[in-house]
Amino acid sequence: MQDFSFHMHTAGFDGRNSEEEMLQKAKECGLKQIGFSNHFIVYPNIEKTNMYPYAVKGGYESIYSSDFDEAISKFAPHYQKIDELNKNSDIKIYKGMEVDFFASDEWREGFERALKILKPDYLIGSAHFVEYNNTLYNSYDLKNSSACEQNKLVHRYWQNVRTAADSGLFDFMAHLDLIKKVGLGREDIWAEDERKTIETIKSSGVAVEINTSHFNFDENEPYPSKRIMKMLAEYDIPVLLSDDAHKRENITAGFAKAEEMTQECGISNFVNPLKNKDCLPLKRLSKSKENSF
């Protein structure tokens, strides 16, 4: 079974346990490398969006920032703690981010500045939101939108995933079909959008995670669906397993089951995306600009 896990969240963001507690559990699970990848979500005046009060009610508003200085101030002490832990750790700990990508020049400029200050080891691309008609929707907003808007929003969701994958910024893409958490995107009509996304991922060279956190909602499959996993196999996309652990008990949970499913779907191209030192985000900035917007 895979001996690393690079998609983990900690207290201070939307995780339950400290870095130290997560590290200890990772050792107990026999992992050789881990990475903390807390959410990096910057959107102007995000506290004024429709979804924000629900974030406050759920207790995870700390993952959102209205500007890059605020986000940097959250990550700096977290990264400093990781540096301290690495001094006495017998397994390697990487500094990551799970980034919600927004396709604007202003966002890109601010994000590049944040990278130069924080110097993360790797970046995970994700899409938790859809920006439409000057409104920011999360997955639950999509579910509760009107019938005439819902299809447009799901299409826009997949466009966001493709734009992030094509940016050249990311080491791997997270939970491609996250929207199925709220029951969206399962119908066959979305297979075309999924295939376009896989084709974009193939041309960009980015890896894709098989995210076992969906087993918490559905025992039958992780993110992405078996339909998408078969496309990953068809296009020989490099993949890795991710537990998306928000508490220590989730570390490596579902890995064995996910490995069986990847074999059923014909996936054989497994990678460690941090094995190549050239993957460091700061080294990729100039290359990623060629693919932006």
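Residues numbered from 1 in each chain as written. Predicted model: local features only at pLDDT ≥ 70, side-chain atom pairs only at ≥ 80, totals over all residues. Heavy atoms only, no water.

**A few points about the overall build of the protein**
Summing up its helical and strand segments, the protein has 10 helices and 10 strands in all. Here the C-alpha coordinates of the protein stretch approximately 55 × 45 × 40 Å along the principal axes. Relative to its 293 residues, the protein shows a buried fraction of 54%. Sequence-distant contacts, at least 24 apart, represent 77% of the contacts inside the protein between residues at least 6 apart. Treating the 37 positive side-chain charges of the protein as one cloud and the 47 negative ones as another, the clouds have centres 2 Å apart. (Helix = DSSP H or I, 4+ residues; strand = E, 2+ residues; numbered from the N terminus. Buried < 20%, exposed > 50% of the residue type's maximum accessible area, 1.4 Å probe, protein only. Contact = heavy atoms within 4.5 Å. Lys, Arg positive; Asp, Glu negative; His and termini not counted. Charge placed at Lys NZ, Arg CZ, Asp CG, Glu CD.)

**Things to note about unusual backbone geometry**
The omega torsion across Tyr223 and Pro224 is -5°, close enough to zero to call that bond cis. Phi at Asn133 takes a positive value of approximately 50°, unusual for a residue other than glycine. Taking the relative accessible area as the measure of exposure, Asn133 reaches 56% and is therefore exposed. Located in the positive-phi region is Asn134, a residue other than glycine, with phi close to 60°. Within the element layout of this structure, Asn134 appears in the loop between strand E6 (129–132) and strand E7 (135–138).

**Regarding helix H7 (residues 191–204)**
Think of an α-helix as turning once every 3.6 residues; residues three or four places apart then point the same way. Between its first and last C-alpha, H7 extends 20 Å over 14 residues, near the 20 Å set by a 1.5 Å rise per residue. The set of residues buried in H7 consists of Asp193, Glu194, Thr197, Ile198, Thr200 and Ile201. End-on view of H7: buried residues confined to an arc of 160°, all on one side of the axis. Facing away from the buried surface of H7 by more than 90 degrees, the exposed residues are Glu192 and Ser203. (Expected span 1.5 Å × (residues − 1). Arc of directions from axis to C-beta.)

**A look at the pairing of strand E4 (residues 92–100)**
With eight of nine residues buried, E4 lies mostly within the body of the structure. Where strand E2 (residues 33–42) meets E4, eight bridges bridge the pair, whose relative direction is parallel. Each residue of the ladder has a partner; that of Ser37, found in E4, is Gly96. For the crossover that starts at E4, traverses helix H4 (residues 105–118) and ends in the parallel strand E5 (residues 122–126), the hand is right-handed. (Pairing = 2+ DSSP bridges. Right-handed = clockwise from strand over helix to strand, strands pointing away.)

**Points about the pattern of salt bridges**
This model, assessed by the stated rule, comprises 18 salt bridges. Close ionic contact of Lys81 with Glu19 constitutes a salt bridge, the shortest N to O distance being 3.4 Å. Here the residue Lys81 occupies a position in helix H3 (residues 68–87), and Glu19 occupies one in helix H1 (residues 19–28), the gap between them amounting to 62 residues. Put simply, Glu20 and Lys81 hold a salt bridge, and the shortest N to O gap is 4.0 Å. In this pair, Glu20 is assigned in helix H1 and Lys81 in helix H3, connecting sequence segments 61 residues apart. Salt bridges linked by common partners bring Asp177, Lys180, Arg186, Asp218 and Glu221 together as one network. (Salt bridge = Lys/Arg side-chain N within 4 Å of Asp/Glu carboxyl O.)

**Here we look at the nonpolar core**
One finds Phe40, Met97 and Phe111 to be the most contacted residues of the largest nonpolar core, which totals 83 residues. Membership of the second largest hydrophobic core comes to 10 residues, among which are Phe4, Tyr94, Ala174 and Leu240. (Core = buried A, V, L, I, M, F, W, Y, C linked by side-chain atoms within 4.5 Å.)

**Focus: the packing of aromatic side chains**
Applying the stated criterion across every chain, the model contains 19 aromatic pairs. On the numbers, 4.8 Å between centres and 20° between planes, the contact of Phe4 with Phe6 is stacked. The burial state of Phe4 is the same as that of Phe6; both residues are buried. Both rings, one in Phe40 and one in Phe75, keep their centres 5.4 Å apart while their planes meet at 55°; by these two values the pair is tilted. Separated by 35 residues along the polypeptide, Phe40 in strand E2 and Phe75 in helix H3 bring together distant segments of the chain. (Phe/Tyr/Trp six-rings, centres within 6.5 Å; stacked < 30°, edge-to-face > 60°.)

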